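Each chain, letter by letter, is given below.
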Amino acid sequence: MPLAAYKTTQNNGADMAPLLFADLPDQRRVSHLPVTNGRRRRRYTPDQDAPLPSEAISTPQGGSGKSRDRFDEGTDPGTFPILHSRQHQHQPDHGGRMMNNSDASGMLQAVCSTFPLPAMQMQAEQAAQHLVGKAEQGSFFELIETPEAKSAAAEDDAVATLIPTPENISPPEPPQAHGTRFFAPDISSLPETFGQALAAIAPRYNNATKQFAGLKSDAQCAAKCLLTSHNKAEPDDLPCAPVKLRPLLEAFYPARIRMSEKRWANIRSSLANILREVGWMKERQRHQLMPEWDTALEPLQVKAHKGAMTRFAGYCSARNILPQKVNEETIDSFLEYIEEYSLTTNLSGFRSCTRQAWNRLCALGPAGQFTPLEKRAGYNRVGVTRDELPAAFVSDVETYLARCANPGPLDFKFGNGLARETLRKREGNIYIAARYLIDRGWQRDEIDSLSKIMKTDLIILMMEEHFKRHSPDGKAWPPSAAPMASHLFTIAKQLGNVTDKDLSLINDVTKRLRRRRNVFPEKTRERLAAFDDIKVLKSLFALPKIWWKRAQKFLREGQLARAFTWAKRAIALDILLTKPLRISELASIDFAQDLRRDRKHRIIGLCVPGHKTKTGLPIEAELRKDTVDMIQTYLSEHSKIFAQRTETFLFPGKEQGHVAPHSFGATLKTSILNDLGVVVNPHLVRALIATIIFDEDADGDTVAQHMLGHLDITTTRSHYGMQRGRAAQRQYSAIISQVLKRGGK
DNA sequence: CTCCAAATACATTCACACTC
DNA sequence: GAGTGTGAATGTATTTGGAG
């Protein structure tokens, strides 16, 4: 019922959206421009680059016009028995089609774009010229692989195509790929599914060796694990192409089906082996590097640092890219290659590591030898940056924010001073608002004072822009609209830009933006549903002990840092499950001050003072003996770490202070996900505990309120505890059976 | 190479004081 | 006691760089 109400409200907002802005002057309305600003934009942008649901992202098309590199570092012929021992690979996109002159020049473009790097581009141009020349002579059909030719090729492995590779261009003499051959599998001839792949390699195993049986059963298992939507998924349903397979791999957590990490690692490895055998991936082998790369890597002494560079160096060697020529484009094309021909997950992390490793290499050599890559900070900024706007505006904003932070005692319009997070949010909104105006046709120079842009009609314009960008479906307002409008209108009111007439308009607008309150968020509801399975609940409560054991194991092995990490997590989760603190409160526990002790100085509980909590209420909790033991062992086992600190935080940060709540929360979430396969962020634990209480006792409000530390019980009722009515149902059953008994038989 | 933690920029939700 | 206004968190995604 509440959900329905929420939806209705959203729809109201939707119906109103166009009307709301109908009266606005439209001289500033220009068509919406995407934020480019030289950077990628992402997330919920309803128009141009609309968000893709994760399920939809999975299939970049091979021939979709996006140029991809089809080359690999070293591969020796014979590596791909199925694929062909053909000497030269070819461009699959043009296979089997007759070509005319315009096709030939189109091909020139296509070929050029397939060779994005300068050195390669020259070769590509030469190759393409060569092709066009042939085409003009009328003999171009020789160049193309027709379907018939293709099947012939399958039979006759020795068929060489004339699609250019650096090796068959002559003259002039192209630089030779260093001791390697390019890896350029013809995607169209590769098996599409693991079913096909198994069939293809079966003859080599005489269909029945143990090894083959292992591969087959692993592929079957993988299909069942990865394709949960199918009832009976078979290897035939599992795609081979890494670009299609990767999203499936990334979405799967072995813990979710109680499978061990190790078993899953073995299955993944079998999948990779199959892909290697049929030619989707190249054999794992050390390839020869160009001498220039060998020299370049020499200064890297740390094994891991070298390791981070070898794949990249191999890739560059195979394409004749000297270390001196490495730039952003090289990294991009390398990543595209990795995406297409490897099962590496977390590509963005891989990209970061490659960039970092390269920059580390640059820093080691003589200055100027290689070019380090620039930072990509601000990659996801929506708002304008300060330096894009007039200095007068920036200083105006700073003055305003300073006043918000520290208003004078009589500055009633500005209240008591805003908290840090609020200030940050407000600043962010101001710069986003400025961005929206620029997109509506304002010149940057025009934005020279805060009060100039914080006017009712302009704010409404900004909100319209916000709607355009962030509405999930073009109809409903996004949740971010209300806080944003609130900030902007508050600024306008504070700067004295608001007339009485405006005020009623503002009230009207904000009223419509506001979503239905007191609704249990759908996401939370979904995540809590996982705990309907009592096994999941039990395993969550068992997790701290498992992590603690892990920590002890690392300790025994002498891996102190890892031991510390897992001990930290074990204790944090244990405390969280005992007393559901907010993450910032948890992260900032001070073992000298916030742990209550008895006369013998033994820890007996937790006591966080009010000034540290969101509500200002102090938090008190008893700790179980297990927890206390853990904490005491933890403090003594890692006493070296604590001895180095001046502060006494239970969870110290990297350098100083306590761990950052953001990172701590994210880490806990990821760790739980890896070990249980369930999404649990620290705040969800609060909802979980309240829900458990409500499930057991329909009148559990007060208990839940105390557990969560709410001042106001309506908060407890509205935001926590799904109140699924199970307890009430049970109590009703008991009551009704009592009543019915009363009448006798 | 991989994992971890921190920084940053939004995105979303929680929460209290106040009002009627 | 429910609804409102606005403040103050936490959540999520992406990057960086250090450690193992």
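Residues numbered from 1 in each chain as written. Chains lettered and ligands numbered in written order. Predicted model: local features only at pLDDT ≥ 70, side-chain atom pairs only at ≥ 80, totals over all residues. Heavy atoms only, no water.

Draft legend 1. Quick peek at the side chain of Gln-705. By the element assignment, Gln-705 lies in helix α27 (residues 701-708). Among the residues examined, Gln-705 registers a relative accessible area of 12% and is labelled buried. Other than its neighbours up to four places away in sequence, Gln-705 contacts His-710, Leu-711, Asp-712, Ile-713 and Thr-716. (Helix = DSSP H or I, 4+ residues; strand = E, 2+ residues; numbered from the N terminus. Buried < 20%, exposed > 50% of the residue type's maximum accessible area, 1.4 Å probe, protein only. Contact = heavy atoms within 4.5 Å.)

Draft legend 2. Fine view of a nonpolar patch on the surface. Taken together, the side chains of Tyr-732, Ile-735, Ile-736, Val-739 and Leu-740 present a nonpolar region at the surface, about 470 Å² in accessible area. Along the polypeptide, Ile-736 turns up in helix α29 (residues 726-742). Residue Ile-736 is classed as partly exposed on the basis of its relative accessible area of 31%. (Patch = residues over 30% accessible without salt bridge, like charges linked within 9 Å, V, L, I, M, F, W, Y side chains within 5 Å. Areas by Shrake-Rupley, 256 points an atom, 1.4 Å probe, with all protein chains shown as cover. Salt bridge = Lys/Arg side-chain N within 4 Å of Asp/Glu carboxyl O.)

Draft legend 3. Here's a closer look at the packing of aromatic side chains. Per the stated rule, a full pass over the model turns up 19 aromatic pairs. On the numbers, 5.5 Å between centres and 75 degrees between planes, the contact of Tyr-634 with Phe-642 is edge-to-face. Residue Tyr-634 shares its accessibility class with Phe-642, and that shared class is buried. Of the aromatic side chains, those joined through ring pairs into one cluster are Trp-293, Phe-312, Tyr-315, Phe-334, Tyr-337, Tyr-341, Phe-350, Trp-358 and Phe-370. Here the guanidinium or amino end of Arg-550 rests over the ring plane of Trp-566, the centre of that ring lying 4.6 Å away. We note Arg-569 situated over the ring of Trp-566; from NZ or CZ to the ring centre the distance is 4.3 Å. (Phe/Tyr/Trp six-rings, centres within 6.5 Å; stacked < 30°, edge-to-face > 60°. Lys NZ or Arg CZ within 6 Å of the ring centre and 35° of its normal.)

Draft legend 4. Examining the pattern of salt bridges more closely. Applying the stated criterion to the full structure yields 20 salt bridges. We note a salt bridge from Arg-469 to Asp-439, for which the minimum N-O separation is 2.3 Å. On the criterion of sequence distance, the pair formed by Arg-469 in helix α16 (residues 456-470) and Asp-439 in helix α14 (residues 420-439) is long-range, its members being 30 residues apart. Of the two residues, Arg-469 and Asp-439, neither departs from the other in class, the shared state being buried. In this structure, Lys-553 and Glu-557 form a salt bridge, with 3.8 Å as the shortest nitrogen-oxygen distance.

Draft legend 5. View of the sheet that holds strand β1 (residues 595-597). Spatially, three strands are ordered β1-β2-β3 in an open sheet, and the strand pairing comes out antiparallel. The open sheet has two edge strands with one neighbour each: β1 and β3 (619-622). Strand-to-strand twist in this sheet, taken as the mean axis angle between neighbours without regard to direction, amounts to 30 degrees. Two strands pair when backbone bridges link them, and strand β2 (residues 603-608) and β3 are joined in this way by four bridges, in the antiparallel orientation. Following the sheet pairing, Val-608 is matched in β3 by Ile-619. (Pairing = 2+ DSSP bridges. Axes fitted to C-alpha atoms, helices over the stretch in contact; angles between N-to-C directions.)

Draft legend 6. Representation of helix α6 (residues 210-226). Between its first and last C-alpha atoms α6 spans 24 Å; for 17 residues at 1.5 Å apiece the expected length is 24 Å, and the two agree. All of the buried residues along α6 are Phe-212, Leu-215, Asp-218, Ala-219, Cys-221, Ala-222, Ala-223, Cys-225 and Leu-226. Considering only its buried residues, α6 is in contact with α5 (194-201), α7 (242-251) and α8 (261-278). (Expected span 1.5 Å × (residues − 1).)

Draft legend 7. Broad picture of the protein's contact with DNA strand B. Taken together, 43 residues surround DNA strand B, and among them Arg-311, Val-382, Thr-615, Lys-654 and Tyr-720 come closest. A breakdown of the atoms of DNA strand B within 4 Å of the protein gives sugar and phosphate a share of 74%. Arg-686 has a polar side-chain atom sitting 3.1 Å from a phosphate oxygen of DNA strand B. Within the side chain of His-710, a nitrogen or oxygen atom sits 2.8 Å from a phosphate oxygen of DNA strand B. Of all the secondary structure elements, the ones that give two or more residues to the surface near DNA strand B are α10 (303-318), α14, α21 (560-578), α25 (661-676), α26 (682-696) and α28 (713-719). For the surface near DNA strand B, the element with the most residues is α10, which contributes five residues. Residue classes in the surface near DNA strand B are distributed as 14 nonpolar, 16 polar and 13 charged. (Near = heavy atom within 4 Å. Polar contact = N/O pair within 3.5 Å; in protein donor to acceptor, adjacent residues only side chain to side chain. Nonpolar A, V, L, I, M, F, W, Y, C, P; charged D, E, K, R; others polar.)

Draft legend 8. Region of interest: the nonpolar core. Ile-571, Ile-575, Leu-586, Ile-631, Tyr-634, Leu-650 and Phe-651 are the most contacted members of the largest nonpolar core, which has 60 residues in total. For this core, the element with the highest residue contribution is α21, accounting for eleven residues. Ignoring any residue separated from it by four or fewer positions in sequence, one finds Tyr-634 in contact with Trp-548, Phe-564, Ala-567, Lys-568, Ile-571, Phe-642, Leu-650, Phe-651 and Pro-652. Counting 40 residues, the second-largest nonpolar core is a separate cluster that includes Val-384, Ile-453, Met-484 and Ala-492. (Core = buried A, V, L, I, M, F, W, Y, C linked by side-chain atoms within 4.5 Å.)

Draft legend 9. Quick peek at the packing of α21 against helix α23 (residues 625-637). Where α21 meets α23, the closest approach of the two axes is 10 Å, and the angle between their N-to-C directions is 155 degrees. In terms of their interaxial angle, α21 and α23 are classed as roughly antiparallel. In this structure, α21 meets α23 at a crossing whose hand is left-handed. Facing α21, whose interface residues are Phe-564, Ala-567, Lys-568, Ala-570, Ile-571, Asp-574, Ile-575 and Thr-578, α23 presents Thr-627, Met-630, Ile-631 and Tyr-634. Tallied by class, the residues present in the contact of α21 with α23 amount to eight nonpolar, two polar and two charged. (Parallel < 35°, antiparallel > 145°, perpendicular 65-115°, else oblique. Left-handed = near helix turned anticlockwise from the far one by under 90°.)

Draft legend 10. Representation of the environment of Ala-687 within the structure. Structurally, Ala-687 can be placed in helix α26. C-alpha of Ala-687 to C-alpha of Arg-525: the two residues are 162 residues apart in sequence and 9.2 Å apart in space.

Draft legend 11. A look at the pairing of β2. For β1 and β2, the ladder comprises three bridges, and the chain directions are antiparallel. Within β2, the residue paired with Leu-595 across the bridge is Leu-606.

Draft legend 12. Just the confidence of the model for chain A, in detail. When pLDDT is averaged along chain A, the result is 71; 71% of the residues meet or exceed 70. A low-confidence stretch, residues 1-182 stays under pLDDT 50, and its non-local contacts, those more than four residues away or across chains, total 306 contacts. (pLDDT = per-residue confidence, 0-100.)

Draft legend 13. Broad picture of the side chain of Arg-645. The residue Arg-645 is located in the loop between α24 (639-643) and α25 in this model. Buried and without a salt bridge, Arg-645 has Glu-647 as its closest oppositely charged side chain, separated by 4.3 Å. Non-local contacts of Arg-645, meaning those with residues more than four positions away in its chain, are made with Pro-652, Gly-653, Lys-654, Glu-655, Gln-656 and Gly-657. (Lys, Arg positive; Asp, Glu negative; His and termini not counted.)

Draft legend 14. Representation of unusual backbone geometry within the structure. Despite not being glycine, Asn-346 shows a phi value in the positive range, around 50 degrees. With a phi close to 70 degrees, His-601 is a non-glycine residue in the positive phi region. A residue is classified by how much of its surface remains accessible, and His-601, at 54% relative accessible area, is exposed.

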